[in-house]
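What follows is the residue order along each chain.
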Amino acid sequence: QVQLVESGGGLVQPGGSLRLSCTASGSIFSIYAMGWYRQAPGKQRELVARITRGGSINYADSVKGRFTIFRDNAKNTVYLQMNTLKPEDTAVYYCNTEFVNGDDYWGQGTQVTVSS
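Keep in mind that what you see is a predicted model, and the values were worked out from it rather than measured.

Caption draft 1: Structural view of the overall build of the protein. The number of helices and strands found in the protein is zero helices and 11 strands. Along the protein, from the amino end to the carboxyl end, the secondary structure elements read β-β-β-β-β-β-β-β-β-β-β. Taking 2.2 N^0.38 as the reference for a compact globule, 116 residues should give roughly 13 Å; the C-alpha atoms of the protein span a radius of gyration of 14 Å, in line with that estimate. Projected onto its principal axes, the C-alpha coordinates of the protein cover approximately 40 × 25 × 25 Å. The buried share of the protein, reckoned over its 116 residues, is 43%.

Caption draft 2: A look at the sheet that holds strand 1 (residues 2-7). Read from one edge to the other, the open sheet built from four strands follows the order 1-3-8-7, with strand pairing classed as antiparallel. Here the strands that pair on one side only, and so sit at the sheet edges, are strand 1 and strand 7 (67-72). Within this sheet the neighbouring strands show an average axis-to-axis angle of 15°, counted without direction.

Caption draft 3: Looking closely at the confidence of the model for the protein. Mean pLDDT over the protein stands at 94; residues scoring 70 or higher make up 100%. The spread of mean pLDDT over the elements of the protein runs between strand 1, the lowest at 92, and strand 2 (residues 10-12), the highest at 98.

Caption draft 4: Quick look at the pattern of salt bridges. For the structure shown, the criterion picks out five salt bridges. For Asp 89, the salt bridge identified is with Arg 38, shortest N-O distance 3.0 Å. With Asp 89 in the loop between strand 8 (77-82) and strand 9 (91-99) and Arg 38 in strand 4 (residues 31-39), the pair connects residues that are 51 residues apart, well separated along the chain. Each member of the pair, Asp 89 as well as Arg 38, is classed as buried. Residues joined in a network through salt bridges with shared partners are Arg 38, Glu 46, Arg 66 and Asp 89.

Caption draft 5: Fine view of the pairing of strand 5 (residues 46-52). Where burial is concerned, most of strand 5 is hidden: five out of the seven residues are buried. Turn length for the strand 4-strand 5 hairpin, with the two strands adjacent in sequence and antiparallel, is six residues, and the turn residue Gly 42 shows positive phi of about 75°. Bridge count between strand 5 and strand 6 (residues 57-59): three bridges; the pairing is antiparallel. Residue pairing across strands places Ile 51 opposite Ile 57, the latter belonging to strand 6. The antiparallel pairing of strand 5 with strand 6 creates a hairpin that spans four residues between the two strands, and Gly 55 there sits at a positive phi of about 100°.

Reading guide: rules and limits
- Residues numbered from 1 in each chain as written.
- Predicted model: local features only at pLDDT ≥ 70, side-chain atom pairs only at ≥ 80, totals over all residues.
- Heavy atoms only, no water.
- Helix = DSSP H or I, 4+ residues; strand = E, 2+ residues; numbered from the N terminus.
- Rg over C-alpha atoms; globule rule 2.2 N^0.38 Å.
- Buried < 20%, exposed > 50% of the residue type's maximum accessible area, 1.4 Å probe, protein only.
- Pairing = 2+ DSSP bridges.
- Axes fitted to C-alpha atoms, helices over the stretch in contact; angles between N-to-C directions.
- pLDDT = per-residue confidence, 0-100.
- Salt bridge = Lys/Arg side-chain N within 4 Å of Asp/Glu carboxyl O.

Shown next, in the form of structure tokens:
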């Protein structure tokens, strides 16, 4: 089993910053990639950013240049630095971990609200 613990969400004004973190524990020896997804009310869950164990990164077009994903392999933690936040970034953000065997796990989600 794998457990993902997320933190860092909250309320921020437009233009502000937040950093999300997600720490994996349990049977994590064969993690292939970790990433962040988000789901706004009435919308489908979408990829925000993803990083593989080899360091390959991809971002949603809507966050390029504003968000940065990085990981600390020693701590089994992935981070999402979010800058210049916009109201349209408001969503529940979920951490995802992909394994070499194709399994994946989700965190419980953390709310990010961008509002003045």
